[in-house]
Amino acid sequence: MREIDGHTKLLGLMGYPVEHTYSPQMHNYISQVYGRNYAYAALPVLPGQLGDAVRGLKALNFAGVNVTAPYKVEVMQYLDEIAPDAKMYGSVNTVKYENGRLYGYNTDADGFYLSLVNGGAPIIGKDLLILGAGGAARPICIKFAMLGAKSITILNRTQKNADALAEFVKEACGYEVHTKREHARYDVVMNTTSAGMEPDIDACPISDFSFVDGDTAAADMIYNPPETVFLRKMKEHGARVCINGLGMLIYQGIVAYEIFTGEKIDHAIYDDIKREVFGL
């Protein structure tokens with residue numbers, strides 16, 4: 001990382017807690033590679049203090065911040081403008097400060113999409129099964145609907161939440177989402193729940209894997225542990241490719257960095273980040 005001086009532009013991650021994050025290492029690595037004078041830090045924001053923290057971005061002339069749990073929805077009320085797709089998704093994970101105004105974006109859906117496509121799991125024209133109907137599922141449902149998925153099915157432990165998400169997607173972009181299993185098999189099965197995440201690593205979001213065959217791809221938003229029970233069982237049932245959440249984390253960060261700086265980043269840096277930041 002280059003030396004911090006009076007010209008250094010500030011970036012960070014707002015959330016609570018944020019001690020576990022790799023975002024500072026990732027963004028500072030990109031700045032180092034591209035020779036840009038930015039410094040990125042983790043910014044823990046205690047409950048009830050988000051408004052003050054966001055207003056402080058202007059006072060401290062931050063270039064921008066990423067936003068993580070539990071503030072991706074709450075932060076929207078404090079922004080001056082929100083990108084149309086982020087409005088549809090109903091959440092913001094990237095905020096840019098420019099010309100005295102705060103602009104909100106969402107790079108989660110782009111990050112997940114890029115991780116799937118580059119990992120060998122195309123979306124367009126495919127039958128998709130999404131496990132979970134929480135905040136993480138909403139952006140990707142809308143993104144994949146607008147990209148041209150052949151069908152999207154949402155399965156969730158609480159049926160009313162699946163139905164509510166399906167209605168949200170229909171109102172947002174006119175796409176009909178199924179909330180009960182409609183197909184004998186699926187092209188891509190995605191876990192958007194926290195089942196299997198540290199410390200509950202023995203959990204799995206489903207017990208029925210009969211819709212999996214040798215042409216099915218699996219993806220999990222979780223990256224710790226690297227292989228969840230869900231991914232292991234998908235592989236055991238014949239899934240041709242299994243993708244964990246690390247790709248989403250890296251790609252959403254690359255897209256966010258492009259927003260912060262206005263500079264196009266060669267996505268080939270993905271492999272360098274994976275090696276230099278995550279040691280993989």
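Definitions and cut-offs
Residues numbered from 1 in each chain as written. Predicted model: local features only at pLDDT ≥ 70, side-chain atom pairs only at ≥ 80, totals over all residues. Heavy atoms only, no water. Buried < 20%, exposed > 50% of the residue type's maximum accessible area, 1.4 Å probe, protein only. Helix = DSSP H or I, 4+ residues; strand = E, 2+ residues; numbered from the N terminus. Contact = heavy atoms within 4.5 Å. Pairing = 2+ DSSP bridges. Axes fitted to C-alpha atoms, helices over the stretch in contact; angles between N-to-C directions. Right-handed = clockwise from strand over helix to strand, strands pointing away. 1 Å grid on protein atoms, 1.4 Å probe; cavity = no way out; pocket = protein on both sides within 12 Å on 5 of 7 lines; lining within 4 Å. Points joined across faces, edges and corners; volume = space filled by probe spheres on them. Nonpolar A, V, L, I, M, F, W, Y, C, P; charged D, E, K, R; others polar. UniProt positions renumbered as here; feature names shortened; annotations may be inferred. Parallel < 35°, antiparallel > 145°, perpendicular 65-115°, else oblique. Left-handed = near helix turned anticlockwise from the far one by under 90°.

With respect to helix H7 (residues 229-236)
Here is step 1 of the chain: The set of residues buried in H7 consists of Val229, Phe230, Leu231 and Met234.
Here is step 2 of the chain: In this fold, the buried residues of H7 make contact with strand E7 (127-131), strand E9 (188-191), strand E10 (217-220) and strand E11 (241-243).

Topic: the sheet that holds strand E8 (residues 151-155)
Here is step 1 of the chain: Reading across from one edge, E8-E7-E9-E10-E11 is the order of the 5 strands in this open sheet, with parallel pairing throughout. Every other strand in the sheet has two partners, leaving E8 and E11 as the edge strands with one partner each. When strand polarity is set aside, the average angle formed by the axes of neighbouring strands in this sheet is 15 degrees.
Here is step 2 of the chain: As paired elements, E10 and E11 share 3 bridges and run parallel to each other. When the sheet's bridge partners are listed, Ala218 is paired in E11 with Cys242.
Here is step 3 of the chain: Packing of H7 onto the sheet brings it into contact with E7, E9, E10 and E11, and relative to E10 it is tilted by some 175 degrees.

Description of the pairing of E10
Here is step 1 of the chain: By the alternation rule, side chains of E10 split into Ala217 and Ala219 and Ala218 and Asp220, which are all buried.
Here is step 2 of the chain: Alignment of E9 against E10, held across 4 bridges, turns out to be parallel. The partner of Val188 across the bridge, within E10, is Ala217.
Here is step 3 of the chain: Between the parallel pair E10 and E11, the chain is carried across by H7, and the sense of this crossover is right-handed.

Considering the layout of surface pockets
Here is step 1 of the chain: In this structure, the largest pocket occupies an estimated 1,500 Å³ of space.
Here is step 2 of the chain: Mapped by element, the contributors of at least two residues to the lining of the largest pocket are strand E3 (64-67), helix H5 (137-147), helix H6 (159-173) and helix H8 (246-261).
Here is step 3 of the chain: In terms of residue count, the dominant contributor to the lining of the largest pocket is H8 (4 residues).
Here is step 4 of the chain: In terms of residue class, the lining of the largest pocket is made up of 26 nonpolar, 18 polar and 4 charged.

As for the UniProt feature "active site" (unreviewed entry) in the chain
Here is step 1 of the chain: Summarizing the sequence annotation, UniProt attributes the feature "active site" (unreviewed entry) to Lys72 in the numbering used throughout.
Here is step 2 of the chain: Mapped onto the elements, Lys72 comes out in the loop between E3 and strand E4 (81-82).
Here is step 3 of the chain: Among the residues examined, Lys72 registers a relative accessible area of 25% and is labelled partly exposed.

Some details on the environment of Ala121
Here is step 1 of the chain: Of note, Ala121 is situated in the loop between helix H4 (108-119) and E7.
Here is step 2 of the chain: With residues up to four places along the chain from it excluded, the contact list for Ala121 reads Leu116, Val188, Ala217, Arg240 and Ile243.

Observations regarding the packing of helix H1 (residues 23-34) against helix H9 (residues 269-276)
Here is step 1 of the chain: Interhelical geometry of H1 versus H9 gives an angle of 125 degrees and a closest axis separation of 11 Å. It follows from the interaxial angle that H1 and H9 lie oblique. Our pair here, H1 against H9, has a crossing hand that is right-handed. In this structure, H1 contributes Met26, Tyr29, Ile30, Val33 and Tyr34 to the contact, and H9 contributes Ile269, Asp272, Ile273 and Glu276.
Here is step 2 of the chain: Grouping the constituent residues of the contact of H1 with H9 by class yields 7 nonpolar, no polar and 2 charged.

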